[in-house]
Amino acid sequence: ISPQDRLGFRRMRFGVRGTLPNNMNYRIEMEFAGGNASEFRDAWLGWDELPVLQTLLIGNQKRPYGLDHLNSSRYNVFLERPFVIESFNQDARRLGICSYGVSEDQAWNWRYGVYNLRLIQDEGQYISDHWQLEAAGRLANTIWYDECSGGRGYAHWAISGTCAHPDGSAGGDPDPYGTGRAANEARFRHRPEARTVNRWLNTGRIPDADWYEMVGLESVVNVGPLQVVGEYQNMWLQRDPGAGGEVNLHGGYVYVSYFLTGEHMPWSRKSGTLARIYPHEDFFLVKRCCGGVGHGMGAWQVAARYSYADFNDDDIFGGIGESFTLGLNWYWTPYARLQFNYINGEIRNRDINNDPTNRNIVSGRYGIIGVRAMVDF
């Protein structure tokens with residue numbers, strides 16, 4: 001069956017953030033794009049200016065791996081995140097405790113913490129005798145930052161990783177009242193780098209998963225209007241004795257973007273992530289009081305991305321994904337933009353049953369056109 005077109009709200013988030021005496025802070029953000037199925041996103045409280053730990057946050061927050069996930073979706077160049085970044089860190093946020101630090105010259109920044117593997121932003125709590133914990137961290141370095149040009153030139157690298165202990169003996173989702181056993185969180189999946197109902201890459205819940213480790217590498221080079229970004233992540237998963245061999249999943253992406261109007265992608269050295277884009281001239285089209293029409297063109301950016309993920313190993317057939325994305329971004333102001341993406345991709349050797357006793361291996365190519373209008377404030 002051919003996928004259907006779709007129109008809708010991708011994100012509709014509202015939240016509050018503030019400080020409390022003397023060095024505490026908090027944030028609560030809600031997502032309403034799901035209609036009646038509203039969910040929370042960031043929901044944490046924390047402390048600043050701590051000895052050694054610097055900043056410490058407790059609550060629902062982003063896990064510290066995958067540059068494209070640590071970037072705010074308000075600043076990312078493409079409509080959706082790459083295969084491997086979303087698959088290994090689905091929706092990014094988990095309940096945990098994390099320390100955030102930065103060196104005095106802002107050349108180095110780091111974050112590390114302990115998280116629960118379950119995505120609870122639509123459930124509110126986690127109930128199980130198996131905690132399904134992970135320890136995760138990221139060390140990032142801005143190795144070059146051109147102060148004289150206001151950061152129009154910079155280079156960055158980072159290494160991140162996690163060590164996780166899922167409950168591989170558990171089955172699927174628990175009952176809606178949370179009285180059943182928590183689900184096995186060793187599952188890695190993603191849509192076709194566009195918003196679809198189903199995940200086109202999907203390992204299913206890997207039975208008897210005991211531990212897994214993931215290491216990620218990332219790099220950014222920006223020279224004026226030109227930017228090159230790449231990431232690679234590799235995961236090793238071990239299963240209970242006698243249940244099967246070690247599973248290796250991996251993937252990465254690289255993209256190039258360029259501002260036709262001369263702007264650049266700003267960089268936050270404090271967090272090692274992209275920052276807000278400021279057009280040289282805002283887009284506007286208004287009637288002048290003295291006659292005629294006033295106008296500005298905004299900022300125009302073109303981009304191209306190649307993405308790859310291999311989720312097939314041993315008896316796991318989550319599929320192999322490969323895609324090319326062409327993007328055009330029109331920034332009206334620092335707070336509003338239009339995005340256009342064309343995606344041409346292929347999914348190969350995917351077992352849509354996720355059942356080794358009843359294989360149904362499929363492959364296919366696809367083309368997707370996506371448009372998004374967004375405003376944040």
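Just so it is clear, the model here is predicted, and its values are computed rather than measured. (Residues numbered from 1 in each chain as written. Predicted model: local features only at pLDDT ≥ 70, side-chain atom pairs only at ≥ 80, totals over all residues. Heavy atoms only, no water.)

J.: I keep staring at the pairing of strand E5 (residues 93–102) and nothing clicks. Help me out?
T.: In the case of a regular strand, side chains alternate between the two sheet surfaces. Of all 10 residues making up E5, eight are buried, and the element is well covered by its neighbours. In this structure, E5 lies alongside strand E6 (residues 108–116), joined through seven bridges in antiparallel fashion. Paired with Ser99 across the strands is Tyr112, a residue of E6. (Buried < 20%, exposed > 50% of the residue type's maximum accessible area, 1.4 Å probe, protein only. Helix = DSSP H or I, 4+ residues; strand = E, 2+ residues; numbered from the N terminus. Pairing = 2+ DSSP bridges.)

J.: What exactly am I supposed to notice about the nonpolar core here?
T.: What tends to happen in soluble globular proteins is that the nonpolar side chains get buried as a cluster. Core analysis: the largest hydrophobic core is formed by 49 residues, its most contacted members being Phe88, Phe188 and Leu237. Per-element tally for this core: the top contributor is strand E13 (residues 247–259), with five residues. Excluding residues within four positions of it along the chain, Phe188 makes contact with Ser87, Phe88, Leu201, Asn202, Thr203, Gly204, Ile206, Tyr212, Met235, Leu237, Leu249 and Phe311. (Core = buried A, V, L, I, M, F, W, Y, C linked by side-chain atoms within 4.5 Å. Contact = heavy atoms within 4.5 Å.)

J.: Mind showing me how you'd approach the pattern of salt bridges here?
T.: Pairing between side chains becomes possible if they bear opposite charge and their charged atoms approach one another. Applying the stated rule across the entire model yields 23 salt bridges. Note that Arg81 is salt-bridged to Asp68, the shortest N-O span being 3.9 Å. Of the two residues, Arg81 is situated in the loop between helix H1 (67–70) and helix H2 (83–88) and Asp68 in helix H1; the sequence distance between them amounts to 13 residues. On the basis of relative accessibility, which here comes to 10%, the residue Arg81 falls in the buried class. Classification of Asp68 by relative accessible area gives buried; the value is 6%. The closest approach of N and O atoms between Asp376 and Arg74, which form a salt bridge, is 3.7 Å. Of this pair, Asp376 sits in the segment after strand E21 (361–375) while Arg74 sits in the loop between H1 and H2; the two residues are 302 residues apart in sequence, bridging distant segments of the chain. Classification of Asp376 as buried rests on a relative accessible area of 13%. (Salt bridge = Lys/Arg side-chain N within 4 Å of Asp/Glu carboxyl O.)

J.: Can you walk me through empty space enclosed by the protein in this structure?
T.: The method is simple in principle: a probe with the dimensions of a water molecule rolls over the atoms, and the space it marks as empty is what remains. Applying the stated rule across the entire model yields two cavities of 30 Å³ or more. What the largest cavity holds in volume is close to 80 Å³. Taken together, Arg74, Tyr75, Arg276, Ile277, Tyr331, Thr333, Pro334, Tyr335, Ala336, Arg337, Met374 and Asp376 make up the full set of residues lining the largest cavity. Counting residues per element, the ones that place at least two in the lining of the largest cavity are strand E19 (316–333) and strand E20 (336–351). Split by residue class, the lining of the largest cavity holds seven nonpolar, one polar and four charged. In this structure, the second largest cavity spans a volume of roughly 40 Å³. If you go around the second largest cavity, the residues you meet are Asp68, Asn71, Asn76, Val77, Phe78, Tyr255, Leu274 and Arg305. Broken down by class, the residue content of the lining of the second largest cavity amounts to four nonpolar, two polar and two charged. (1 Å grid on protein atoms, 1.4 Å probe; cavity = no way out; pocket = protein on both sides within 12 Å on 5 of 7 lines; lining within 4 Å. Points joined across faces, edges and corners; volume = space filled by probe spheres on them. Nonpolar A, V, L, I, M, F, W, Y, C, P; charged D, E, K, R; others polar.)

J.: Which parts of the structure should I look at to understand the environment of Trp300?
T.: The topology assignment puts Trp300 in strand E18 (residues 299–313). When its relative accessible area of 25% is taken as the criterion, Trp300 is described as partly exposed. Spatially, the C-alpha atom of Trp300 lies 5.8 Å from that of Thr261, the residues being 39 residues apart in sequence. Setting aside residues no more than four positions away along its own chain, Trp300 makes contact with Tyr258, Phe259, Leu260, Thr261, Leu328, Asn329 and Trp330. Of note is the side chain of Trp300, whose polar atom sits 3.1 Å from the backbone oxygen of Met297. (Polar contact = N/O pair within 3.5 Å; in protein donor to acceptor, adjacent residues only side chain to side chain.)

J.: When you look at the pairing of E19 in this model, what are you seeing that I'm missing?
T.: Sheet topology note: the E18/E19 ladder contains 14 bridges and is antiparallel. Within the sheet, the bridge partner assigned to Val302 lies in E19 and is Leu328. Taken together, E18 and the strand that follows it, E19, pair antiparallel across an intervening segment of two residues, in which Asp314 is found at a positive phi of about 55°. Note: E19 against E20, 13 bridges, orientation antiparallel. When the sheet's bridge partners are listed, Thr325 is paired in E20 with Ile343.

J.: Is there a simple way to think about the side chain of Arg111 in this case?
T.: Among the secondary structure elements, Arg111 is positioned in strand E6. For the buried Arg111, no salt bridge is present, and the opposite-charge side chain at shortest range is Glu218, 9.0 Å distant. Aside from chain neighbours lying at most four places away, what touches Arg111 is Pro64, Leu70, Cys98, Ser99, Tyr100, Ala136, Gly137, Arg138 and Ser271. (Lys, Arg positive; Asp, Glu negative; His and termini not counted.)

J.: Whenever I open this one, the environment of Tyr232 confuses me. Can you help?
T.: Mapped onto the elements, Tyr232 comes out in strand E12 (residues 226–239). Measuring from C-alpha to C-alpha, the distance between Tyr232 and Ile159 comes to 9.9 Å, with 73 residues separating the pair along the chain. Those residues in contact with Tyr232 that lie beyond four places of it in its chain are Val215, Gly216, Leu217, His250, Gly251 and Gly252. A distance of 2.9 Å separates a polar atom in the side chain of Tyr232 from a polar atom in the side chain of Asn234.

J.: Can you walk me through unusual backbone geometry in this structure?
T.: Apart from glycine, the bulk of residues carry a negative phi angle, and the bulk of peptide bonds sit in the trans form. The amide bond that connects Pro21 to the next residue, Asn22, takes the cis arrangement and shows omega of -10°. Position of Asn22 among the secondary structure elements: in the loop between strand E1 (13–20) and strand E2 (24–31). Even without being glycine, Gln132 reaches a positive phi, approximately 50°. Looking at where Gln132 falls in the secondary structure, it is placed in the loop between E6 and strand E7 (133–145). Given the relative accessible area of 1%, Gln132 is considered buried. Phi is positive for Asn354, which is not a glycine, with a value near 50°. The topology assignment puts Asn354 in the loop between E20 and E21.

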